[in-house]
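Per-entry structural report
Each chain is listed here by its residues.
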Amino acid sequence: MPSSGEVRKVGEGQHADVDSQVRVFPSAPHRGESASDIVNGFMEATTSDETDFATAEKYLTKALQKTWDPTAKITVLTSSAQPKEASVTGAGRKESSVIVDLTGTKAAVVDAKHTYTPQAGAYDASFRLVKENNEWRIDDLDDGLVISQQDFSRIYHPVNMYYFASLGPDTQRAGGADKTLVADPVFLRNQSDSVVSTVSTLLGGPSKWLAPVVSTAVPKGVRLYDKAADRGVTLDDSQHLKVRLDATAQRLGGEPGCTRLAAQLFTTMQDQSAPKLAAVDLAAADGRSVCSLGKDQAAAYGAQNLVGSSERQYYIGAQPHRLLALSSTGSTSARPVNGPFGGTKANLEAVAVGRDERIAAGVRENGRQLVVGSLIEDGPFAPPVLTSKVKDGLSAPSWDGFDDLWVADRDPSAPRVVVLRNGGGDPIPVSVEGLTGRVEALRVASDGVRIAMLVQQDGLGKLKLGRIERSGTQQHPTFEVKDLRTLTPEGEGVTSVSWAGPSRLVVLDDNQSDRAEQIQYVNTDGWATTPFEGISQAASVAASEDLSRPLLASFDHSVYRLPPDSTGKRVEPKGDDPVYPG
């Protein structure tokens, strides 16, 4: 603080930048450092703000500097690992090499496509060091980086890339199937040219996990025109993103293909731009404009185009067990829906509302029967579309964005997952690759290529994410769920799940230590969960893929609406099992 001098008015340009991040500068190796000091210095240099790792490479021998690839992968440890000298060859001043061990507990791995995958277990690596110009330098180590979770959170940020859903025989079905974009979450390093790194990553294609069920409008091998000073990407003050590619206009597929690529770029950048984008302009290598996509046109390609309007929220009344609807205007008073689902003899145990809010599916008769009916026209329930042989056999159903109805039959003697096309017809069995345990509950994303399932294993409901692969024909489709990912930490269970955004789920975490079921957010790549503040426990939870809609939760036979920016409000009358369309 100044102790003397005149008082002066502080101008606008003198305000401290409260949003600026602390920058971490790397330190080069010093003369006479021990082998362990060199390894420590190298590890610290890799966590600096340098994006080219120039200082980190100074800890390597000249030969290794030419071959080491820091972008190959990232091993994320639960905490910083401490190096320890393990063995020495030679003796005294003539020692020729040193082995330094690095041990720790692994939390996850991020691959070359920037995809985060939880991978718990022990970590053990060895660094070989040799004398170069009489100083210890690392001569042998694996490609990639090894950093702690704390450093990873500081250095990297999550970004959703967007690719088109590949729906096999369902591509031509109504509902904008050919314009459906799917979120593919990745982690990118914080840097000044984050727009360039985001665009470049999108052009590089989808993650290995999602690739079988998505496609990209990027022609094979096309990249940014990085010979220009701006590396092919500019974002001007009017929020026009201009991307120049190293390809001819013909390679970009003309107007249709170029527009689809612009839609991918627009949706990807829209997720992280503030203010929002106005347009995306694509140019060929010669600088000639190929196509432009404004925000109004881009809306037709949005990731939300199959979510539905979510005009109302729903739950099952306590007495009688019928479907009640809340308007989205903030009303705290629910009314029965039209049709058989709103009748006093509905006797519903679980329900799923179609994404157009004109149809619903419900479980009745002690969990044995699945019925489908109108939310507009009055009349009795039609005969059940599916029947289980056991009490409480059927799970709550789920609609995808193409009016297909998914449900699990929990019959212990013959557990299965089935699809009912357009909510009826013969049930189509779904094979679930690598499934151990029984599917207790499921929720399908609107895009129709991802499914979240609660699988009963070792007395706990484990949250699994699966990839839906569609094949066959429109008349005889087939469905397979492959490559299951476990999104719950070891020893923890989940009792309720709902999609809560393009790449996020909301769950009830069954904490076995205190028996409290807390609302948590879980990313589809398994990144650390975030507790929902404002409510300590619940019996069920529901969310919309439309992030503007409030969270719903039930507890003690009452339903609560939980907006992120205000206090939760209880709605009337009493009830349970809140749901959004889907």
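Look up a bit, the structure's there.
So, a few notes on the structure that sits alongside this text. Treat the numbers as computed from the prediction; the structure is a model and nothing was measured. (Residues numbered from 1 in each chain as written. Predicted model: local features only at pLDDT ≥ 70, side-chain atom pairs only at ≥ 80, totals over all residues. Heavy atoms only, no water.)

1. Let's talk about the environment of Gly204
With respect to the helices, strands and loops of the structure, Gly204 is situated in the loop between helix H5 (194-203) and strand E9 (214-215). Accessibility expressed as a relative area gives 29% for Gly204, which makes it partly exposed. Sequence spacing of Gly204 and Ser544 is 340 residues, and the spatial spacing of their C-alpha atoms is 30 Å. Dropping the residues within four chain positions of it, Gly204 is found in contact with Lys113 and Arg223. (Helix = DSSP H or I, 4+ residues; strand = E, 2+ residues; numbered from the N terminus. Buried < 20%, exposed > 50% of the residue type's maximum accessible area, 1.4 Å probe, protein only. Contact = heavy atoms within 4.5 Å.)

2. Looking at the pattern of salt bridges
Following the criterion strictly, the structure yields 19 salt bridges and no others. Two residues, Asp193 and Arg231, come together in a salt bridge whose shortest N-O distance is 2.5 Å. Of the two residues, Asp193 is situated in the loop between strand E8 (181-189) and H5 and Arg231 in the loop between E9 and strand E10 (233-235); the sequence distance between them amounts to 38 residues. Among the salt bridges present, the one from Arg288 reaches Asp286, with a minimum N-O distance of 3.9 Å. Taking the relative accessible area as the measure of exposure, Arg288 reaches 46% and is therefore partly exposed. Through salt bridges with shared partners, a single ionic network connects Asp170, Asp400, Asp404, Arg421 and Arg470. (Salt bridge = Lys/Arg side-chain N within 4 Å of Asp/Glu carboxyl O.)

3. So, helix H6 (residues 254-270)
A rise of 1.5 Å per residue sets the reference length of H6, with its 17 residues, at 24 Å; its end C-alpha atoms lie 24 Å apart and thus fit the reference within 8%. Among the 17 residues of H6, 12 are classified as buried, and the element is accordingly described as predominantly covered. The complete set of buried residues in H6 reads Gly257, Cys258, Thr259, Leu261, Ala262, Ala263, Gln264, Leu265, Phe266, Thr267, Thr268 and Met269. (Expected span 1.5 Å × (residues − 1).)

4. Comments concerning the sheet that holds strand E29 (residues 493-499)
Pairing within the open sheet is antiparallel, and its 4 strands lie in the order E29-E30-E31-E32. Two strands in the sheet have a free side with no partner beyond their single neighbour: E29 and strand E32 (530-531). Here strand E31 (residues 517-523) runs beside E32; their pairing, made up of 2 bridges, is antiparallel. Among the inter-strand pairings, Gln520 is bridged to a residue of E32, identified as Pro531. (Pairing = 2+ DSSP bridges.)

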